[in-house]
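Per-entry structural report
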Amino acid sequence: MQPLAAMTWEDARDAAGPGSAAILPVGAIEAHGPHLPLETDVIIAQAMARSGAARLAARGARVVVLPPLTYTAAAFAHGFAGTVSVRPETVTATLLDIAGSLTRHGFGVLAIANAHLDPGHLASLDAAVTAIRRDLGLAVAFPNLAAKSWAIRLSEEFKSGACHAGQFETSIVLAERPDLVHDATRAALPPNPASLSRAIRDGKQSFEEAGGPRAYFGFPAQATAEEGRATIDVLGAILDEAVQAELGGGQAR
């Protein structure tokens, strides 16, 4: 297992072929409360990709991890400084172009390790997956964590929908990049149990409308690095299973 960007072109050529997988971490640059960095989703996606890649490599699969896609649709957070949002159709086109290069070079599966759940972003990924399969004939493993079949394996906070910059995400960043967490601020934050998923179903269009005036939901003060490490392992297992299903070794969810 190697990062694609660190390989030579000959290394990349040898890593491709039938049964090979290229993992694309996908996140966003957006507000994550007063305690987490704007790149939180990118950190989580990279951790998921690394964990999934390690599992696949242990099975003998040829796997590479691509540089992350960091700019995407992030309309829910547009009211907060530092958030960078692009049009959903730009995201779809970018993914299609990335997949086109992977197809030309002989990779067997594109795996998307996604940690950003903005509804516009998820719609752009769904559109890209459909187009990649239809137009390029490339297998795509995209375990959408918002889908119940995957979400039930994650924490109670995640399943409640009150999880943006809460205990779930903060725990992962504490495990991966504790130097980027404003820990004194985190420890003093009161709970915010407002459910983002319910707000989205109700037609809300922003974190503010959803009840998150400081761009966080859930229980960040309860986060621990230990929980983060355990969650990364679960995310890696989810990605591994999704890729195996595309390779013919299981059932996609």
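Heads up: these notes are all about the structure in this document. Keep in mind the model is a prediction, meaning the values are calculated, not measured. (Residues numbered from 1 in each chain as written. Predicted model: local features only at pLDDT ≥ 70, side-chain atom pairs only at ≥ 80, totals over all residues. Heavy atoms only, no water.)

Here's the deal with the overall build of the chain
Just so we agree on the cut-off: The secondary structure listing takes helices from DSSP runs of H or I that are at least 4 residues long and strands from runs of E that are at least 2 residues long, numbered from the N terminus. The globule rule used for comparison is 2.2 Å times the number of residues to the exponent 0.38, while the radius of gyration itself is calculated over C-alpha atoms. Any pair of residues with heavy atoms lying within 4.5 Å of one another is described as a contacting pair. Computed by Shrake-Rupley with a 1.4 Å probe, the accessible areas treat only the displayed protein chains as cover when residues are assessed. Neither His nor the chain ends contribute to the count of charged residues, in which Lys and Arg are positive and Asp and Glu negative. In plain terms, the charge of a residue is placed at NZ if it is Lys, CZ if Arg, CG if Asp and CD if Glu.
Scanning the chain from N- to C-terminus turns up 11 helices and five strands. Taking 18 Å as the expected radius of gyration for a compact globule of 253 residues, we find that the chain reaches 18 Å, a close match to that expectation. For the C-alpha atoms alone, the extent of the chain along its principal axes is close to 50 × 35 × 35 Å. Looking at the chain alone, contacts between residues at least 24 apart form 78% of all its contacts between residues at least 6 apart. Just so you have it, the chain exposes about 10,800 Å², and 54% of that area is on carbon and sulfur atoms. Where the 20 positive side-chain charges of the chain centre and where its 26 negative ones centre are 4 Å apart.

Some details on the layout of surface pockets
In plain terms, the rule: Only protein atoms enter the calculation, which uses a 1 Å grid: trapped sets of points that fit a 1.4 Å probe without letting it out are cavities, open sets showing protein on both sides within 12 Å along at least five of seven lines are pockets, and any residue with an atom within 4 Å of a point is a lining residue. Grid points are joined across faces, edges and corners, and a volume is the space filled by probe spheres set on the points. Basically, the charged four are Asp, Glu, Lys and Arg, the nonpolar ten are Ala, Val, Leu, Ile, Met, Phe, Trp, Tyr, Cys and Pro, and anything else, Gly included, counts as polar.
Here the largest pocket defines a volume of roughly 660 Å³. Taken together, 31 residues make up the lining of the largest pocket; nearest its centre are Leu117, Ala146, Phe158, Cys163 and Ser197. In the lining of the largest pocket, the residues fall into 19 nonpolar, five polar and seven charged. Estimated volume of the second largest pocket: approximately 220 Å³. Residue lining of the second largest pocket: 15 residues in total, with Leu4, Leu66, Leu102, His105 and Phe107 positioned closest to the centre. Elements represented by at least two residues in the lining of the second largest pocket include exactly α1 (9-15) and α3 (88-104).

What to know about helix α7 (residues 167-176)
Put simply, the rule reads: With a 1.4 Å probe rolled over the protein chains alone, any residue whose accessible area is under 20% of its type maximum counts as buried; one over 50% counts as exposed, and the rest are partly exposed.
In terms of burial, α7 is largely enclosed, as nine of its 10 residues are buried. Taken as a whole, α7 has its buried residues at Gln167, Phe168, Glu169, Thr170, Ser171, Ile172, Val173, Leu174 and Ala175. Where α7 is buried, its residues touch α2 (40-58), α6 (156-160), α8 (183-188) and α11 (225-246).

Things to note about the pairing of strand β2 (residues 17-26)
To keep things clear, this is the line we draw: Here a strand pair is declared whenever DSSP counts at least two bridges between the two strands. By convention, a crossover is right-handed whenever its connection, traced from the first strand over the helix to the second and viewed with the strands pointing away, goes clockwise.
Burial of β2 is extensive: eight of the 10 residues sit out of reach of the surface. The pairing of β2 with strand β4 (residues 107-114) spans seven bridges and is classified as parallel. Paired with Gly17 across the strands is Phe107, a residue of β4. For β2 and strand β3 (residues 63-65), the ladder comprises three bridges, and the chain directions are parallel. Among the inter-strand pairings, Ala21 is bridged to a residue of β3, identified as Val63. Since β2 and β3 lie parallel, the crossover through α2 that links them has a hand, and here it is right-handed.

Some thoughts on the packing of aromatic side chains
Applied cut-off: Only Phe, Tyr and Trp rings are paired, with Trp represented by its six-membered ring, and only when their centres lie within 6.5 Å; those with planes under 30 degrees apart are stacked, over 60 edge-to-face, the remainder tilted.
On inspection of all chains with the given rule, the structure shows four aromatic pairs. Aromatic pair Phe158 and Phe168: ring centres 4.8 Å apart, planes at 50 degrees, arrangement tilted. Of this pair, Phe158 sits in helix α6 while Phe168 sits in helix α7; the two residues are 10 residues apart in sequence, bridging distant segments of the chain. By relative accessible area, which is 4% here, Phe168 ends up buried. Ring pairs connect the aromatic residues Phe76, Phe80, Phe207 and Phe217, which therefore count as one cluster.

Remarks on unusual backbone geometry
Notably, Ala165 is not glycine yet its phi reads approximately 65 degrees, a positive angle. Within the secondary structure, Ala165 sits in the loop between α6 and α7. In the Ramachandran plot, Ala215 falls in the positive-phi region, its phi being about 65 degrees despite a non-glycine side chain. Mapped onto the secondary structure, Ala215 falls in the loop between α10 (207-210) and α11. The class of Ala215 is buried, set by a relative accessible area of 1%.

Keep in mind that these numbers describe shape and distance, not what the molecule does.
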